[in-house]
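# Report on the structure
For reference, the chains in residue letters:
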Amino acid sequence: MRVRMRCSPLIPWLVLASVLSSVIGLGEDLDWPLFGPPGTPIRLQESDLGLKKALLFAEERYNHGSNAIHLRRVSRLISANKQLVKGLRYTLTVELSNTQCKKSTMLRTCDFYPEPHKLKTEVCVFEVWDIPWQNTTTLLKQKCQPKADPEVRETNQVETSAVTQPVQPLELLGQFKEFMVKYKKVYSSQEEADRRLRIFHENLKVAEKLQALDQGSAEYGVTKFSDLTEEEFRSTYLNPLLSQWSLHRPMKAALPAKGPAPDSWDWRDHGAVSPVKNQGMCGSCWAFSVTGNIEGQWFLKNGALLSLSEQELVDCDGLDQACRGGLPSNAYEAIEKLGGLETETDYSYTGHKQSCGFTDKKVAAYINSSVELSKDEKEIAAWLAENGPVSVALNAFAMQFYKKGVSHPWKVFCNPWMIDHAVLLVGYGEQMESSMKIVIEHAQFGDMEFINKLMLRNGTPFWAIKNSWGEDYGEEGYYYLYRGSNACGINRMCSSAVVN
């Protein structure tokens with residue numbers, strides 16, 4: 001359901017910045033990109049200080065939850081890695097063995113039993129999530145089994161040493177079956193179906209955490225991406241090139257809007273936005289963002305709303321990388337060099353790179369140049385209302401499990417420097433639905449004093465964002481994001497074509 005507008009008067013950069021700010025003088029600017037994109041596992045040495053902290057925490061949590069008489073400690077580190085994913089996530093494969101210390105004692109040193117049969121060694125896999133800037137550490141996973149083999153082979157694939165997965169509850173199986181039917185999911189084997197069920201289960205937990213921590217009115221849950229790991233989702237549907245700031249070419253600054261932004265605006269109400277499209281399993285969001293912008297610009301200058309070809313950019317833009325990502329700034333330049341865009345009908349979308357089939361005889365729309373907008377959200381709103389839909393990019397962390405409402409993730413979970421998805425900003429406003437329900441309830445009892453106070457409050461300000469994942473995503477293909485706090489880096493890369 002479309003959000004109505006009312007007119008009325010856990011991140012890696014922050015982890016590292018918070019640790020290093022006192023050393024290199026970063027001050028309060030904790031968003032500065034210090035390292036490369038997160039998500040890649042890093043193999044750790046035993047001397048790593050963060051690893052030592054994670055091991056001690058895992059030991060403590062294990063012993064706290066154990067009914068054993070004796071304390072158990074890590075007797076051998078098999079493998080360890082960490083990922084910069086919404087904090088520092090450590091994956092540890094270790095051997096735990098009995099010490100001679102009872103839990104009731106308070107000894108500083110606890111030696112292991114010299115007799116092997118008393119050690120009762122287990123092989124355990126722990127996942128520890130550390131958020132240093134919040135001074136919080138959480139045990140995400142603990143799986144242990146008795147050590148059976150004479151020697152455990154060292155491996156980076158630590159999860160393969162976990163215990164066999166327990167039988168899933170009927171409620172979960174029902175949810176997964178409903179998901180498969182709704183989104184027409186078919187898997188190649190029973191093993192693959194079992195794997196997707198496990199991923200689905202883990203994603204339900206992630207969606208629950210998103211729901212609990214969201215500051216807006218968003219609802220998170222099962223979506224068509226619920227059987228994908230975070231890494232699969234990022235590599236298939238997102239655009240890693242957007243956060244590589246060294247690749248961005250300078251763009252001419254847009255002239256500021258002539259007047260202030262109205263209280264709300266939506267270009268869908270003015271005929272400048274084509275229907276929602278679907279990029280498929282191809283990281284071509286950059287092409288959809290740019291063509292959406294040009295469709296709006298062409299409409300405002302010529303009065304005709306055309307559906308323009310993204311496939312032309314995927315095939316013919318030599319500056320970008322087709323389904324492996326691209327930059328709007330490059331796409332504008334490629335369109336200028338090509339001479340324009342064909343329509344979707346003449347050059348239809350396939351979702352994979354082909355040889356370039358562009359012909360200038362079929363050009364339906366052209367551009368003269370492109371501009372970059374201000375990074376101030378009020379100025380962006382004013383420019384949008386005056387000049388048309390805007391190509392933007394954002395951090396898509398919260399989008400995988402988004403269903404409806406105004407999404408407002410914590411900044412630490414949606415780092416504004418780690419933008420990885422290009423979309424189209426088509427409008428903005430305030431969400432008043434929940435407040436209006438309260439007004440109606442109190443009106444029944446004649447509580448006018450309460451109603452008058454409530455009506456003086458502002459609603460939840462939002463950006464209306466046209467996505468490119470089909471109409472079965474979000475709110476009929478749209479994502480609504482909180483406006484006013486530069487949420488998820490929505491202000492970092494705003495641009496538009498210019499049609500004279």
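An account of the accompanying structure is given in this report.

What counts and how
- Residues numbered from 1 in each chain as written.
- Predicted model: local features only at pLDDT ≥ 70, side-chain atom pairs only at ≥ 80, totals over all residues.
- Heavy atoms only, no water.
- Buried < 20%, exposed > 50% of the residue type's maximum accessible area, 1.4 Å probe, protein only.
- Helix = DSSP H or I, 4+ residues; strand = E, 2+ residues; numbered from the N terminus.
- Pairing = 2+ DSSP bridges.
- Axes fitted to C-alpha atoms, helices over the stretch in contact; angles between N-to-C directions.
- Parallel < 35°, antiparallel > 145°, perpendicular 65-115°, else oblique.
- Contact = heavy atoms within 4.5 Å.
- Nonpolar A, V, L, I, M, F, W, Y, C, P; charged D, E, K, R; others polar.
- Core = buried A, V, L, I, M, F, W, Y, C linked by side-chain atoms within 4.5 Å.
- Expected span 1.5 Å × (residues − 1).
- Disulfide = S-S within 2.5 Å.
- Salt bridge = Lys/Arg side-chain N within 4 Å of Asp/Glu carboxyl O.
- Phe/Tyr/Trp six-rings, centres within 6.5 Å; stacked < 30°, edge-to-face > 60°.
- Lys NZ or Arg CZ within 6 Å of the ring centre and 35° of its normal.

What follows is about the pairing of strand β13 (residues 421-431). Here β13 lies mainly inside the structure; 11 of its 11 residues are buried. In this structure, strand β8 (residues 265-266) lies alongside β13, joined through 2 bridges in antiparallel fashion. Paired with Trp265 across the two strands is Tyr428, which belongs to β13. Bridge count for β13 against strand β14 (residues 460-466) is 7 bridges, and the pairing is antiparallel. Bridged to Gly427 within β14 is Ala464.

Next up on the list: the packing of helix α4 (residues 170-182) against helix α5 (residues 190-213). With their axes 11 Å apart at the nearest point, α4 and α5 run at an angle of 105 degrees to one another. It follows from the interaxial angle that α4 and α5 lie roughly perpendicular. Residue-level contacts link Leu172, Leu173, Gln175, Phe176 and Phe179 of α4 to Ala193, Arg196, Leu197, Phe200, His201 and Leu204 of α5. Its residues placed into classes, the contact of α4 with α5 shows 8 nonpolar, 2 polar and 1 charged.

Before going further, it helps to examine the nonpolar core. Counting 56 residues, the largest nonpolar core has Leu425 and Tyr479 as its most contacted members. Excluding anything up to four places from it in sequence, Tyr479 contacts Leu394, Ala398, Met399, Tyr402, Ser407, Trp463, Ala464, Ile465 and Tyr473. One finds Val74, Leu92, Leu96 and Cys124 within the second-largest nonpolar core, a separate group that totals 19 residues.

Here the focus is helix α7 (residues 285-302). Because each turn of an α-helix spans 3.6 residues, side chains separated by three or four positions in sequence point in the same direction. Over its 18 residues, α7 runs 26 Å from end to end, which matches the ideal 26 Å to within 8%, given 1.5 Å per residue. Counting buried positions along α7 yields 15 of 18 residues, so the element is predominantly enclosed.

Bringing the state of the cysteines into the picture now. Overall, the coordinates contain 4 disulfides when judged by the stated rule. Between the sulfur of Cys282 and that of Cys323 lies a disulfide, 2.0 Å long from S to S. The disulfide joining Cys282 to Cys323 has a torsion of about -95 degrees about its S-S bond and is therefore left-handed. Note that Cys282 is positioned in the loop between β8 and α7 and Cys323 in the loop between α8 (311-316) and α9 (328-338), a separation of 41 residues in sequence. Since its relative accessible area comes to 22%, Cys323 is described here as partly exposed.

This paragraph deals with the pattern of salt bridges. Inspection of the entire model under this criterion finds 22 salt bridges. For Glu60, the salt bridge is made with Arg61, and the minimal N-O distance between the two is 3.9 Å. For the salt bridge of Glu219 with Lys404, the shortest nitrogen-to-oxygen distance reads 3.8 Å. Of the two residues, Glu219 is situated in strand β6 (residues 219-220) and Lys404 in strand β11 (residues 402-404); the sequence distance between them amounts to 185 residues. Beyond isolated ion pairs, a larger network of salt bridges with shared partners links Glu192, Arg195, Arg196 and Glu232.

Turning our attention to the environment of Leu338. With respect to the element layout, Leu338 can be found in helix α9. Sequence separation between Leu338 and Thr359 is 21 residues; the distance between their C-alpha atoms is 8.9 Å. When near neighbours in sequence (up to four residues on either side) are disregarded, Leu338 contacts Glu312, Cys316 and Phe358.

Read from one edge to the other, the open sheet built from 5 strands follows the order β1-β2-β3-β4-β5, with strand pairing classed as antiparallel. Of all the strands in the sheet, the pair left with one neighbour each is β1 (42-43) and β5 (136-146). Across 2 bridges, the pairing between β1 and strand β2 (residues 70-84) is antiparallel. Across the sheet, the residue bridging to Ile42 is Lys82, located in β2.

In this structure the tally under the stated criterion is 21 aromatic pairs. Judged by centre distance (5.4 Å) and plane angle (80 degrees), the ring pair of Phe462 and Tyr480 falls under edge-to-face. Highlighted residues: Phe462 in strand β14 and Tyr480 in strand β15 (residues 478-482), separated in sequence by 18 residues. Here Phe462 falls in the buried class, since its relative accessible area comes to 1%. Aromatic ring contacts, followed pair by pair, group Tyr220, Phe225, Phe233, Tyr237, Tyr402, Trp469, Tyr473 and Tyr479 into a single cluster. Above the ring of Tyr478, the side-chain terminus of Arg268 is found at 4.2 Å from the ring centroid. Directly above the ring of Trp463 sits Arg483, whose terminal nitrogen or CZ lies 5.9 Å from the centroid.

A word on the pairing of strand β9 (residues 369-372). Successive residues of a regular strand alternate their side chains across the two faces of the sheet. When strand β7 (residues 252-253) meets β9, the two strands line up parallel, connected through 2 bridges. Bridge pairing in β9 places Lys252 opposite Val371. Bridge analysis of β9 against strand β16 (residues 495-498) gives 4 bridges, and the strand direction is antiparallel. Its bridge partner lying in β16, Ser369 is registered against Val498.

Just geometry here; none of it tells us what the structure is for.
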